[in-house]
Amino acid sequence: MAVSSQKITKNRRGGNSNNNSWIVKQARGILPPVVALLVFLTIWQLLCLPGSEGLPGPIQVVQGAWDPFIINPFFDNGGNSKGLALQVFASLQRVAIGFSLSAIVGVGFGILIGSNKLVYRSLDPIFQVLRTIPPLAWLPIALAALKDNGLAAIFVIFITAVWPILINTTVGVQQIPQDYINVKRVLKLSNKAYFFKILLPASLPYIFTGLRIGIGLSWLAIVAAEMLRSDVGIGFFIWESYNNAYLDRIILALIYVGIVGFLLDRSIAFIATKIVAEDLK
């Protein structure tokens, strides 16, 4: 009985120490950015005191945008008068379509180009030229061809995100070790088996790197495209607020843009860890 009680006591102590170490670990990860944010907000407020000209401070931003943009981000008064959450949702819909198309085309063509040296030598110079064209330079052409602001914005997203996905996928396929290719020949694997058992698993880290870059560029492109030609979306909201001199709303919208962009990047990274880890088992 004495031995059992000692084991229970040790287990309890071990559990407490594990809990304490977890709390300490979480605190070390959370406290530094929180402190840095508080310092930044304090400096910002001191530089933008009430009554001063120029940018509003954080207190003025909260006061000016509190009702309805902060307390009711889902309001819809019809037309273009919508809350920030609905504006972001409209932008995310366009990003979802454009990014999905770019992922399909980028991964598909990347695998084809990376697997065939002749195709690579033929198309790579063209792609290298096209990818250097600024995304918004495509907007007039998209508007002229598609005759629709929403479709034009989706095209801009697609043409922005497809290049990093395509290039990273191509590199991933080209980096497959020669030993893997020799295994295919020795085992006489079919093209289907080689694709799913060797090529795709070996290329996944590169593919997801391209997808992470692509989703970030997609979010940047949609905000810029909506600022130029759109009737709804977070970019449109920022431009309309600027035209009406609502700087507090612009700053609040920028916070939304940053948080959503961060979440999009982390979502792709999370999916990558799950799929790549599962594939390696």
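Up top you'll find the structure we're talking about.
About the thresholds
Residues numbered from 1 in each chain as written. Predicted model: local features only at pLDDT ≥ 70, side-chain atom pairs only at ≥ 80, totals over all residues. Heavy atoms only, no water. Helix = DSSP H or I, 4+ residues; strand = E, 2+ residues; numbered from the N terminus. Contact = heavy atoms within 4.5 Å. Phe/Tyr/Trp six-rings, centres within 6.5 Å; stacked < 30°, edge-to-face > 60°. Buried < 20%, exposed > 50% of the residue type's maximum accessible area, 1.4 Å probe, protein only. Axes fitted to C-alpha atoms, helices over the stretch in contact; angles between N-to-C directions. Parallel < 35°, antiparallel > 145°, perpendicular 65-115°, else oblique. Left-handed = near helix turned anticlockwise from the far one by under 90°. Nonpolar A, V, L, I, M, F, W, Y, C, P; charged D, E, K, R; others polar. Core = buried A, V, L, I, M, F, W, Y, C linked by side-chain atoms within 4.5 Å.

Asks: Teacher, can you tell me more about the side chain of Gln60 here?
Replies: Here Gln60 shows up in helix H2 (residues 58–70). With residues up to four places along the chain from it excluded, the contact list for Gln60 reads Gln45, Cys48, Leu49, Pro50 and Asp248.

Asks: Honestly, the environment of Phe236 in this entry has me stumped. Any pointers?
Replies: Inspection of the secondary structure assignment puts Phe236 in helix H9 (residues 234–243). Note: C-alpha distance between Phe236 and Glu226 (10 residues apart in sequence) is 5.1 Å.

Asks: Is there a simple way to explain the packing of aromatic side chains in this structure?
Replies: For any pair of aromatic rings, the description rests on two quantities: the centre-to-centre distance and the angle between the ring planes. Summed over all chains, the structure comprises eight aromatic pairs. Ring geometry for Phe127 and Trp163: centres 5.5 Å apart, planes at 50 degrees, overall tilted. Separated by 36 residues along the polypeptide, Phe127 in helix H4 (residues 117–130) and Trp163 in helix H6 (residues 149–174) bring together distant segments of the chain. By relative accessible area, Trp163 is classed as buried at 10%. Summarising the aromatic geometry, the rings of Phe195 and Phe196 are spaced 5.0 Å apart at their centres and angled 90 degrees between planes, so their arrangement reads as edge-to-face.

Asks: I tried to follow the side chain of Gln45 on my own but got confused; where do I start?
Replies: As for its position among the elements, Gln45 is in helix H1 (residues 2–47). For Gln45, a relative accessible area of 13% gives the class buried.

Asks: Sorry, what's going on with the packing of helix H5 (residues 139–146) against H6 here?
Replies: How two helices pack is summed up by the angle between their axes together with the distance between the axes. Their axes nearest at 9 Å, the elements H5 and H6 cross at an angle of 135 degrees. When the axis of H5 is compared with that of H6, the two are oblique. The chirality of how H5 crosses H6 is right-handed. Every residue of H6 that contacts H5 at Leu139, Ala142, Leu143 and Leu146 is listed here: Asn149, Leu151, Ala152, Phe155 and Val156. Residues of the contact of H5 with H6, tallied by class, amount to eight nonpolar, one polar and no charged.

Asks: Explain the nonpolar core here, please?
Replies: Soluble globular proteins tend to bury their nonpolar side chains together. Residues Phe99, Leu211, Trp219 and Ile234 are the most contacted members of the largest nonpolar core, which totals 46 residues. Within the residue set of this core, elements represented by two or more residues are H2, helix H3 (84–115), H5, H6, helix H8 (191–228), H9 and helix H10 (247–280). No other element matches the 13 residues that H8 contributes to this core. Here Ile234 is in contact with Leu84, Gln87, Val88, Ser91, Trp219, Val223, Glu226, Ala253 and Val257, once residues within four sequence places are set aside. Listed in part, the eight residues of the second largest apolar core include Phe127, Trp138, Val162 and Leu166.

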